[in-house]
Amino acid sequence: QPNKDFTILGVSLDSKDKATQYASAANIKMPIIAGGKAAFDSFAISTTFLPTTILVGPNNKVTKIVHGGGGNITSMLTALAETELQRKKPAAARKLFLKAAKGGSSVVVKSGIAYSNLKEGKTQEAEEAFKEMSLSGDKELAIQGKEGLAEIYYQKGNNAKAKQTADEALKL
């Protein structure tokens, strides 16, 4: 969906009517550029890999082109979410991470949601998520969970518990 910082565009080989019908049926909320090969040619992109998604950043500059659906879209949403978190926009980041989670919850997505909650001041939600992650059989997820808990304990002023939890993460 368009916002002041970026817009995600879908590009379709189908006619405008067919692309609009598909987007409506699939609950796709991004603008779709349709019109056959000419639509792709206007962005100098190949029709070999479909679908194609274009990220347009500030000043209408194309910043990323993602070919293919599924995991590629999830990767793009995750990258956007990480950027929003770095820009100190945790609410926007959390929304993007939650959308990315629909394509599969990776370690990055799960920890991103938890860190977004933490940065929004939703410490209890973040702590619960990090605790659950820390108990995971997935080593990488458990490490992220311990690191998140260590940060929470540090923010709460419990430095001893923060150090102990960070040490536990290092031992995993």
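Each chain carries its own residue numbering, running from 1 in the direction its sequence is written. Local features are withheld for residues below a pLDDT of 70 in this predicted model, meaning they are given only at 70 or higher, and side-chain atom pairs are given and counted only at 80 or more; totals for whole chains, interfaces and linings count all residues. As a rule here, side-chain values cover all heavy atoms of the structure and leave hydrogens and water aside.

Enquirer: Would you mind showing me how to read the packing of helix 7 (residues 139-155) against helix 8 (residues 159-171) here?
Expert: Geometrically, a packed helix pair is captured by the angle between its two axes and the distance between the axes. Helix axes are fitted to C-alpha atoms over the stretch in contact, other axes to C-alpha atoms as well, and angles between N-to-C directions run from 0 to 180 degrees. The helix count covers DSSP runs of H or I at least four residues long, the strand count covers runs of E at least two residues long, and both are numbered beginning at the N terminus. At a closest axis distance of 8 Å, the pairing of helix 7 and helix 8 adopts a crossing angle of 170°. Relative to helix 8, the element helix 7 lies roughly antiparallel. Every pair of crossing elements has a handedness; the one defined by helix 7 and helix 8 is left-handed. Across from Ile143, Lys146, Glu147, Leu149, Ala150, Tyr153 and Tyr154 in helix 7, the residues of helix 8 making contact are Asn159, Lys161, Ala162, Thr165, Ala166, Glu168 and Ala169. Polar here means any residue other than Ala, Val, Leu, Ile, Met, Phe, Trp, Tyr, Cys and Pro, which are nonpolar, and Asp, Glu, Lys and Arg, which are charged; Gly is therefore polar. Tallied by class, the residues present in the contact of helix 7 with helix 8 amount to eight nonpolar, two polar and four charged. Just so you know how the angles are binned, under 35 degrees is roughly parallel, over 145 roughly antiparallel, 65 to 115 roughly perpendicular, and the rest oblique. Handedness of a helix crossing follows the sense of rotation of the near helix relative to the far helix, less than a right angle counterclockwise being left-handed and clockwise being right-handed. In what follows, a contact means two residues having at least one pair of non-hydrogen atoms within 4.5 Å.

Enquirer: How should helix 4 (residues 90-101) be read in this particular structure?
Expert: Working note: α-helix, 3.6 residues per turn, so residues spaced by three or four point in the same direction. In this analysis, the expected span of each helix is defined as 1.5 Å times one less than the number of residues it contains. Helix length check: helix 4 (twelve residues) gives 16 Å between terminal C-alpha atoms against 16 Å at 1.5 Å per residue, within 8%. Think of it in three bands: residues with accessible area under 20% of the maximum for their type are buried, residues over 50% are exposed, and the middle band is partly exposed, with areas taken using a 1.4 Å probe on protein chains only. Among the residues of helix 4, those classed as buried are Pro90, Ala93, Arg94, Leu96, Phe97 and Ala100. Viewed end-on, helix 4 has its buried residues packed into an arc of 165°, placing them on one side of the element. Directions pointing from the helix axis toward each C-beta atom define the arc.

Enquirer: Where do I start with the environment of Ala79 in this structure?
Expert: Residue position: Ala79 is located in helix 3 (residues 71-86). The spatial distance from the C-alpha of Ala79 to the C-alpha of Val109 is 9.8 Å, given a sequence separation of 30 residues.

Enquirer: Whenever I open this one, the pattern of salt bridges confuses me. Can you help?
Expert: Side-chain pairing between opposite charges can occur once the charged atoms of the two side chains come close. By convention in these notes, a salt bridge is any Lys or Arg side-chain nitrogen within 4 Å of a carboxyl oxygen on Asp or Glu. Tallied over the entire structure, the rule returns eight salt bridges. For Lys122, the salt bridge is made with Glu120, and the minimal N-O distance between the two is 3.9 Å. Owing to a relative accessible area of 28%, Lys122 belongs among the partly exposed residues under this scheme. Under the relative-accessibility criterion, Glu120 is labelled partly exposed at 27%. For Lys163, the salt bridge identified is with Asp167, shortest N-O distance 2.9 Å. Here Lys163 pairs with Asp167, and both are found in helix 8, just four residues apart, close to one helical turn. Several salt bridges converge on common partners, so that one network encompasses Arg94, Glu120 and Lys122.

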